[in-house]
Amino acid sequence: MKEKMYRFMQGRYGGDDLYRFLFAVALVCMVLNWFVKSSLLSFLVLLLLCFATYRVFSRNHSARYAENQKYLRATAKIRFWLERQKKLAQERKYHHIYTCPKCRQKIRIPKGKGKIMVRCPKCRHEFQKRS
């Protein structure tokens, strides 16, 4: 069965970031529709799922790639911000992140060192913080 599916999908575009986004929006709308019970929302779910499925099984790679690139360009700032927030959350386990009072540069200080004098690498301003 796995080999049959592999042969069927050969030459087809497959899943990408836009497909995952469309599928996630369809699932959210489907769950929302359980509470609201709107025929318009049901139609939107059906439309999103059909378009996502069409994109997966399409053989027109250049058109699907162009659509995905438009989606990635449109969401680049949001994705960058989310990745930065995720990185900062991971760093907060072992570091404090302070901003320089003079130039607003973010400075990462290891936790557990007590009160220390921090020198900003950008403007060389010194200030005292607890790590």
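Scroll up to find the structure this text is about.
Residue positions are given per chain, counting from 1 as you read along its sequence in written order. Local features in a predicted model are, by the rule used here, given only for residues with pLDDT of at least 70; side-chain atom pairs are given and counted only at 80 or more, and totals for whole chains, interfaces and linings are based on all residues. By convention in this description, side-chain values take in all heavy atoms of the structure and omit both hydrogens and water.

Help me understand the overall build of the protein in this model?
Along the protein, the regular secondary structure elements total five helices and four strands. Counting from the amino terminus, the protein carries its helices and strands in the arrangement α-α-α-α-α-β-β-β-β. Taken over C-alpha atoms, the radius of gyration comes to 24 Å for the protein, far larger than the 14 Å a tight globule of 131 residues would show. The C-alpha extent of the protein, read off along each of the three principal axes, is 65 × 40 × 30 Å. Every one of the 131 residues in the protein was classed for burial, and the buried ones make up 24%. Sequence-distant contacts in the protein: of pairs separated by 6 or more residues, those separated by 24 or more amount to 38%. For helices the rule is a DSSP run of H or I covering at least 4 residues; for strands it is a run of E covering at least 2, with both sets numbered from the N terminus onward. Radius of gyration: over C-alpha atoms. The globule rule applied is 2.2 Å multiplied by the number of residues raised to the 0.38 power. Throughout, exposure labels follow a simple rule: accessible area from a 1.4 Å probe, protein chains only, divided by the maximum for the residue type, with under 20% read as buried, over 50% as exposed, and the rest as partly exposed. Whether two residues are in contact is decided by their heavy atoms, any of which lying within 4.5 Å being enough.

I tried to follow the packing of helix α2 (residues 17-36) against helix α3 (residues 39-57) on my own but got confused; where do I start?
A packed helix pair is summarised by two numbers, namely the angle formed by the two axes and the spacing between the axes. Axes, fitted as lines to C-alpha atoms, cover a helix only where it is in contact. Angles between the N-to-C directions of the axes lie from 0 to 180 degrees. For the pair α2 and α3, the least separation of the axes is 9 Å and the interaxial angle reads 160°. When the axis of α2 is compared with that of α3, the two are roughly antiparallel. In terms of crossing hand, the pair formed by α2 and α3 is left-handed. Together, Leu18, Tyr19, Leu22, Phe23, Val25, Ala26, Cys29, Met30, Leu32 and Asn33 of α2 and Leu41, Ser42, Leu44, Val45, Leu48, Leu49, Phe51, Ala52, Arg55 and Val56 of α3 make up the contact between the two elements. Under the scheme applied, nonpolar residues are Ala, Val, Leu, Ile, Met, Phe, Trp, Tyr, Cys and Pro; charged residues are Asp, Glu, Lys and Arg; polar residues are all the others, including Gly. Residues that form the contact of α2 with α3 fall into these classes: 17 nonpolar, two polar and one charged. Each angle receives one of four descriptions, namely roughly parallel if under 35 degrees, roughly antiparallel if over 145, roughly perpendicular if within 65 to 115, and oblique otherwise. It is the rotation of the near helix from the far one that decides the hand of a crossing: anticlockwise by less than a right angle makes it left-handed, clockwise makes it right-handed.

Explain the environment of Phe57 to me, please; I cannot follow it from the model alone.
Following the sequence through the fold, Phe57 ends up in helix α3. On a C-alpha basis, the gap between Phe57 and Gln128 in space is 60 Å, while along the polypeptide they are 71 residues apart. Each residue touching Phe57, except ones within four places of it in the same chain, is listed here: Phe8, Met9 and Arg12.

Is there a simple way to think about the environment of Asp17 in this case?
Inspection of the secondary structure assignment puts Asp17 in helix α2. Sequence separation of Asp17 and Gln69 is 52 residues, and the distance between their C-alpha atoms is 9.3 Å. Excluding residues within four positions of it along the chain, Asp17 makes contact with Asn68, Tyr71 and Leu72.

Whenever I open this one, the packing of α3 against helix α4 (residues 61-74) confuses me. Can you help?
Contact geometry for α3 and α4: axes closest at 9 Å, N-to-C directions at 125°. Judged by the inter-axis angle, α3 sits oblique to α4. Each of Phe51, Tyr54 and Arg55 in α3 lies in contact with α4, whose residues at this interface are Arg64, Glu67 and Asn68. Per-class residue counts for the contact of α3 with α4 are two nonpolar, one polar and three charged.

So what exactly am I meant to see when it comes to a nonpolar patch on the surface here?
On the surface, Val31, Leu32, Trp34, Phe35 and Val36 cluster together into a nonpolar patch covering about 570 Å² of accessible area. Considering the arrangement of structural elements, one finds Val31 in helix α2. Patch membership needs two things, relative accessible area over 30% and no salt bridge, and members are linked within 9 Å if like-charged or within 5 Å if nonpolar (Val, Leu, Ile, Met, Phe, Trp, Tyr). With residues, only the protein chains shown are counted as cover, and all accessible areas are computed by Shrake-Rupley using a 1.4 Å probe. We define a salt bridge as a side-chain nitrogen of Lys or Arg found within 4 Å of a carboxyl oxygen belonging to Asp or Glu.

Got a minute to help me understand the pairing of strand β4 (residues 126-130) in this structure?
Looking along a regular strand, one sees side chains alternate from face to face of the sheet. Pairing between strands requires that DSSP locate at least two bridges from one strand to the other. As paired strands, strand β3 (residues 115-119) and β4 are joined by five bridges and run antiparallel to one another. What sits directly across from Met117, in β4, is Gln128.

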